Structures are given as structure tokens and as C-alpha cells.
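Tertiary structure, described
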Amino acid sequence: MNQILSQEDIERFHLNGYVRLESAFDRTLTHRVMTYIWEILEQRYGFDREDPSTWNRPTKGLIKTLQANRDLWNIGDQKITYAITQLLGPSWKSPTHWGTLLHTMPESPDMWNIPTGWHWDSDPLEIINGKEGLFIFIFLSHVLPQGGGTLILEGAHKLLLRYHRRGVEAKGGHNTFFKAHPWLVDLRNNTGPMNERVARLMKQNAEIENIKVRVVELTGELGDAVLCHPLIVHARSQNASKVPRFMLAKRIWREQA
């Protein structure tokens, strides 16, 4: 098996909860998917890619329509397959499609800032009991800084697992986790100056119980991917750019004996 990820990459994944992989997916096929998405948006929902005033129309049913497109089944190639196998071993099932569309159209915020809607999607107790997987973000377009890319919380997967092993989270769920430390309270509720939020949560590392945590913005080129721990803490962000942001989100699980 080809070694797509270096040992340093794998160590970084376990430490920070994610690893970036450039050109993880076939760019020709990924571009074809992006072309198809625009065709559907134009034909079914009345979007005009040259007219931003049409970009915020309702898109009910879009995700199911896209998942019926066979190109979404086939954009994965050996590079992403090898990388997943390095992290999960060979016993994982190749997906029938590569994810749920995440799209954020340009907004006009007074100031781009870090949101308060933080969460995780998988069950920590299942992970503690041996379930292994990945949460993969796939770039279908060039996503610039402050361009709507998903925000993730570096290092928080380790903190989340630690709290659950102690039983802290058994009853309280998300609320208990985000009350466990002043930095987490600030992240979820904004307890400091609003105009300093990016500086204190994103540009500086914080340390909670000897675990470094920091907000990271996912940016990249078409075909790139970010492979995350299934307990990655994440949030939707504003798109302060002039172009739409398109990504896919996909969970991959290792088959259990």
C-alpha cells in the first residue's frame, strides 16, 4: 500500500484531530460534480451563476438530487483510499457516494467573526467503546479565508473523550462540555470583547488540562480534503467572500468484527 500520509501526518491527526490532504480527489471528476451542481441550481432553483442576487433562493431537495448523480460515487481515487486505510486499517467500507453538500452563499456581515454554534455529531461513548471512523470534508470549490469554510476546534476531540471517560458528559451532553472551562464557555457564548474574539480563540493557542485547543478555519482548493476525527468539534462560518462555498461532508466507519 502506498504511504500517502507521513508518520508526522498521522501523529498530527491523532494530536490535533485532523490532517489536510491536497488533491485527495480526482480534480477532473470533482470539477464535473461542481458543474453538475450549478446546472441543478440553475435549472431547478433559478440560480444564475453570474448574478449573485439569485444565489440565496431556497434549495429544498438539493442534497437528494445530488446524491443520485453517479459522479458523486466515483470522485474517490487511490490517494484518498490509501490515506483512509492508513488511518483506519483495511476494514472500512467504500461509500456509495462521497457526502452531503455543504454550501454557503456570500453574506455581508459587518465583520467576519467566530460563531457560537459549536457541536459534534458522533456519539463519544461509541468511540470510547471501540468504534473507529473519520469525518471527511471535501472541497468542491476554492474556499478562501473567511469564505464560509467549516471551522473546527483543534485538539477538542481529546478533551471530549477525557470528559466522557470521567462521566462528566454522561447526562449533560453538549451543554456540559461547553461549561467545563472558561475558554469553552467563551467559545459557545462569547464572554469576551467581540472585536477580540478571533485573536483570542483562533490566533492564540489555549491549553485546557494540558491539551492545546484552537479554532481552525478549513480552506483549500478543489479536490482537497481534510480528514478529521469523528468527534471533531465544528461550526458553520460566515462567507464574507464574493463567491459561493461548496464542500462535501462524509463519515467513514471501520467495520467492526
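This write-up is about the structure you can find in this document.

Rules used in this analysis
- All residue numbers refer to positions counted from 1 along the written sequence of the respective chain.
- Whole-chain, interface and lining totals are the exception, using all residues; otherwise, since this is a predicted model, local features are given only for residues with pLDDT of at least 70 and side-chain atom pairs are given and counted only at 80 or more.
- Derived side-chain values reflect all non-hydrogen atoms in the structure, with water molecules and hydrogen atoms excluded from consideration.
- Secondary structure elements follow DSSP: runs of H or I no shorter than four residues count as helices, runs of E no shorter than two count as strands, and numbering proceeds from the N terminus.
- The size measure is the radius of gyration over C-alpha atoms, and the globule rule it meets is 2.2 Å times the number of residues to the 0.38 power.
- Each residue is assigned to one of three classes by its accessible area relative to the maximum for its type, calculated with a 1.4 Å probe on protein chains only: buried under 20%, partly exposed between the two thresholds, exposed over 50%.
- Residue contacts are counted whenever heavy atoms from the two residues lie within 4.5 Å of one another.
- Only when DSSP finds a minimum of two bridges between them are two strands counted as paired.
- Angles here are taken between N-to-C directions and fall from 0 to 180 degrees, while the axes themselves are lines fitted to C-alpha atoms, restricted in helices to the stretch in contact.
- Only protein atoms enter the calculation, which uses a 1 Å grid: trapped sets of points that fit a 1.4 Å probe without letting it out are cavities, open sets showing protein on both sides within 12 Å along at least five of seven lines are pockets, and any residue with an atom within 4 Å of a point is a lining residue.
- Grid points are joined across faces, edges and corners, and a volume is the space filled by probe spheres set on the points.
- Polar here means any residue other than Ala, Val, Leu, Ile, Met, Phe, Trp, Tyr, Cys and Pro, which are nonpolar, and Asp, Glu, Lys and Arg, which are charged; Gly is therefore polar.
- Among the buried residues, those of types Ala, Val, Leu, Ile, Met, Phe, Trp, Tyr and Cys that are joined through side-chain atoms within 4.5 Å form a nonpolar core.
- Think of a salt bridge as a Lys or Arg side-chain nitrogen and an Asp or Glu carboxyl oxygen that are within 4 Å of each other.

Some thoughts on the overall build of the protein
- Scanning the protein from N- to C-terminus turns up ten helices and nine strands.
- Radius of gyration (C-alpha) of the protein: 19 Å, near the 18 Å computed for a compact globule of 257 residues.
- In terms of its C-alpha atoms, the protein occupies a principal-axis envelope of roughly 50 × 50 × 30 Å.
- Looking at the protein as a whole, 49% of its 257 residues are labelled buried.

Overview of the environment of Ile37
- Looking at the secondary structure, you find Ile37 in helix H2 (residues 27-45).
- Judged by its relative accessible area of 1%, Ile37 is buried.
- Remark: the alpha-carbon pair of Ile37 and Glu126, spanning 89 residues in sequence, is separated by 35 Å.
- Excluding anything up to four places from it in sequence, Ile37 contacts Leu66, Leu101, Leu140 and Phe246.

Considering the sheet that holds strand E3 (residues 133-139)
- The five strands are arranged E1-E7-E3-E9-E2 in an open sheet whose pairing can be described as antiparallel. The strands lining the two open edges of the sheet, one partner per strand, are strand E1 (18-21) and strand E2 (100-104). The mean inter-strand angle of the sheet, taken between neighbouring strand axes irrespective of direction, is 20°.
- As paired strands, E3 and strand E7 (residues 225-228) are joined by four bridges and run antiparallel to one another. Within E7, the position partnered with Ile136 by the bridge is Leu227.
- Its contacts with the sheet place helix H1 (residues 7-16) against E1, E3 and E7, and it is angled at close to 140° to E1.
- H2 contacts E2, E3 and strand E9 (245-253) of the sheet and is inclined by roughly 120° relative to E9.

Some words on the layout of surface pockets
- The computed volume of the largest pocket comes to approximately 290 Å³.
- The wall of the largest pocket is formed by 18 residues, among which Leu102, Phe137, Thr150, His234 and Ala249 lie closest to the centre.
- Contributions of two or more residues to the lining of the largest pocket are made by E2, E3, strand E8 (234-235) and E9.
- Of the residues assigned to the lining of the largest pocket, the class counts are five nonpolar, eight polar and five charged.
- As a volume, the second largest pocket reaches approximately 180 Å³.
- Lining the second largest pocket, in full, are Phe13, His14, Leu87, Leu88, Ile127, Lys131, Glu132, Gly133, His157, His229 and Pro230.
- When residues of the lining of the second largest pocket are traced back to their parent elements, those giving at least two are H1 and helix H5 (78-88).
- Of the residues belonging to the lining of the second largest pocket, the class tally is five nonpolar, four polar and two charged.

Regarding the nonpolar core
- The biggest cluster of nonpolar side chains holds 39 residues, and the ones touching the most others in it are Ile37, Ile84, Trp98, Ile136, Leu227 and Phe246.
- Among the elements of the structure, H1, E1, H2, helix H3 (62-67), H5, E3, E7 and E9 are those that each provide at least two residues to this core.
- In terms of residue count, H2 provides more of this core than any other element does, eight residues in total.
- Ranked by size, the runner-up nonpolar core spans 28 residues in total, among them Leu159, Leu187, Val215 and Leu231.

Section: empty space enclosed by the protein
- Overall, the coordinates contain one cavity of 30 Å³ or more when judged by the stated rule.
- Reported here for the largest cavity is a volume of approximately 30 Å³.
- Forming the boundary of the largest cavity are His142, Val143, Leu144, Gly147, Asn239, Ser241, Val243, Pro244 and Arg245.
- Residues belonging to the lining of the largest cavity are distributed by class as follows: four nonpolar, four polar and one charged.

Quick look at the pattern of salt bridges
- Inspection of the entire model under this criterion finds twelve salt bridges.
- The closest approach of N and O atoms between Arg12 and Asp9, which form a salt bridge, is 2.9 Å. Pair noted here: Arg12 and Asp9 are both in helix H1, with a separation of three residues, about one helical turn.
- As a salt-bridge pair, Arg236 and Glu107 come within 3.7 Å of each other at their nearest N and O atoms. Taken together, the residues span a long stretch of sequence, with Arg236 in the loop between E8 and E9 and Glu107 in the loop between E2 and helix H6 (124-128) at a distance of 129 residues.
- Note on Arg236: relative accessible area 53%, which makes it exposed.
- In the salt-bridge network here, residues are joined through shared partners; they are Arg162, Arg166 and Glu209.

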